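Here are the chains, one letter per residue:
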Amino acid sequence: MRIVPKEFYELPTLELARALIGKLLVHDTPEGRLSGYIVETEAYMGPLDQAAHSFGGRKTKRTEVMFREPGHIYTYQMHTHTLINVVAEDVDEPHAILIRAVEPVEGQTVMQANRNQLPKKQWTNGPGKLTKALGITMAHYGELWYEPPLYIAEGKEVSGISTGPRIGIDNSGEAVHYPYRFWETDNPFVSKYRAPKTPPK
DNA sequence: CCGCAGATCATCT
DNA sequence: GATGATCTGCGGA
């Protein structure tokens, strides 16, 4: 289990989003180690990206951690779910990368229980699902990705990486079309693609 | 298989 | 009081 070092997070946001595909997301819990390969990410490019929480700059308490050093953990609540991000870029450059899906590796019995005994394909194929499966909560807000109990380690080689528009940001103007979503080609745990409402010209 | 409505609550106005 | 970087169940094809 080799934890990915602090320096890794200094990559430019889009390169980091791509480099995260295939890494191992690990959570050491009282019930044992829960882990999965990251198979899908989305980049959010700071104050100029209409889809980012940090669009327009420093405004609310929720996004404060996005303005800190790269490698911080940014969690937030969406309806009843927790979503989890990797903070990227330097201090006062509030970029982040959303982890959208993982492929289950260790602790599968616990994950199945956390996901209400659903079929394996549905354990972690979405940002709210994977946090529930791995027991990730708002308690991790502001922690670091290179220190236990929640961290990222070296994972597997990926066969290929695809890109496309981000999901669930229909009201974000031109940003709807930016190809900031990355996933491992043909991996069955990637969340389902849904075409944007307004197709690109 | 596909699309849509409702859930449900922390966060922000 | 309004709003989601979502998920699930339900109804129809």
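About the thresholds
- Residues numbered from 1 in each chain as written.
- Chains lettered and ligands numbered in written order.
- Predicted model: local features only at pLDDT ≥ 70, side-chain atom pairs only at ≥ 80, totals over all residues.
- Heavy atoms only, no water.
- Near = heavy atom within 4 Å.
- Polar contact = N/O pair within 3.5 Å; in protein donor to acceptor, adjacent residues only side chain to side chain.
- Nonpolar A, V, L, I, M, F, W, Y, C, P; charged D, E, K, R; others polar.
- Helix = DSSP H or I, 4+ residues; strand = E, 2+ residues; numbered from the N terminus.
- 1 Å grid on protein atoms, 1.4 Å probe; cavity = no way out; pocket = protein on both sides within 12 Å on 5 of 7 lines; lining within 4 Å.
- Points joined across faces, edges and corners; volume = space filled by probe spheres on them.
- Phe/Tyr/Trp six-rings, centres within 6.5 Å; stacked < 30°, edge-to-face > 60°.
- Buried < 20%, exposed > 50% of the residue type's maximum accessible area, 1.4 Å probe, protein only.
- Pairing = 2+ DSSP bridges.
- pLDDT = per-residue confidence, 0-100.
- Contact = heavy atoms within 4.5 Å.

## Here we look at the protein's contact with DNA strand B
For step 1, the next point in the chain: Neighbouring residues of DNA strand B: Thr60, Lys61, Arg62, Gln77, His79 and Thr80.
For step 2, the next point in the chain: Sugar and phosphate atoms constitute 67% of the interface atoms of DNA strand B, taking the interface as everything within 4 Å of the protein.
For step 3, the next point in the chain: Measuring from a base nitrogen of DNA strand B, one finds a side-chain N or O atom of His79 at 3.2 Å.
For step 4, the next point in the chain: The class makeup of the residues in the surface near DNA strand B is no nonpolar, four polar and two charged.

## A closer look at the protein's contact with DNA strand C
For step 1, the next point in the chain: In the vicinity of DNA strand C there are 19 residues, among which His53, Tyr76, Met78, Asn85 and Gly128 approach most closely.
For step 2, the next point in the chain: Within 4 Å of the protein, the contacting atoms of DNA strand C are drawn from sugar and phosphate to the extent of 58%.
For step 3, the next point in the chain: At 3.4 Å from a phosphate oxygen of DNA strand C is found a side-chain nitrogen or oxygen belonging to Arg100.
For step 4, the next point in the chain: Contact between DNA strand C and Gly128: a phosphate oxygen at 2.8 Å from a main-chain N or O atom of the residue.
For step 5, the next point in the chain: For the surface near DNA strand C, the elements supplying multiple residues, two or more each, are strand 3 (73–78), strand 4 (81–88), strand 5 (95–104) and helix 3 (127–134).
For step 6, the next point in the chain: For the surface near DNA strand C, the residue count by class is eight nonpolar, eight polar and three charged.

## Brief notes about the layout of surface pockets
For step 1, the next point in the chain: Space inside the largest pocket adds up to approximately 680 Å³.
For step 2, the next point in the chain: Forming the boundary of the largest pocket are 29 residues, of which Tyr76, Leu83, Arg100, Ile167 and Gly168 lie nearest the centre.
For step 3, the next point in the chain: Those elements giving two or more residues to the lining of the largest pocket turn out to be strand 3, strand 4, strand 5 and helix 3.
For step 4, the next point in the chain: Along its surface, the second largest pocket is lined by eleven residues, and Asn187, Pro188, Val190, Ser191 and Lys192 are the ones closest to its centre.
For step 5, the next point in the chain: Among the residues forming the lining of the second largest pocket, the class breakdown is four nonpolar, four polar and three charged.

## Description of the packing of aromatic side chains
For step 1, the next point in the chain: Applying the stated criterion across every chain, the model contains five aromatic pairs.
For step 2, the next point in the chain: The interplanar angle of 40° and the centroid separation of 6.1 Å between the aromatic rings of Tyr9 and Tyr146 together place this pair among those described as tilted. Of this pair, Tyr9 sits in the segment before helix 1 (13–19) while Tyr146 sits in the loop between helix 3 and strand 6 (150–153), and the two are 137 residues apart along the sequence. Neither Tyr9 nor Tyr146 differs from the other in exposure class; each is buried.

## Brief notes about the pairing of strand 3
For step 1, the next point in the chain: Two elements, strand 3 and strand 4, share six bridges in a ladder whose sense is antiparallel. Residue pairing in the sheet places Ile73 in a bridge with Val86 of strand 4.
For step 2, the next point in the chain: Between strand 3 and strand 4, which follow one another and run antiparallel, lie two residues, and His79 among them has a positive phi close to 50°.

## Quick word on the confidence of the model for chain A
For step 1, the next point in the chain: Residues of chain A with pLDDT of at least 70 account for 96%, and the chain-wide mean is 94.
For step 2, the next point in the chain: Below a pLDDT of 50 lies the segment residues 194–201, which in the model reaches seven contacts outside its immediate sequence neighbourhood of four places, other chains included.

## Some details on the environment of Ser35
For step 1, the next point in the chain: Positionally, Ser35 belongs in strand 2 (residues 32–44).
For step 2, the next point in the chain: Judged by its relative accessible area of 0%, Ser35 is buried.
For step 3, the next point in the chain: Sequence-wise, Ser35 and His72 are 37 residues apart; in three dimensions their C-alpha atoms are separated by 19 Å.
For step 4, the next point in the chain: The contacts of Ser35, once residues within four sequence positions are left out, are Leu24, Leu25, Val26, Glu103, Pro104, Val105, Glu106, Met111 and Leu134.
For step 5, the next point in the chain: Here the side chain of Ser35 touches Glu106 through a polar contact of 2.6 Å, side chain to side chain.

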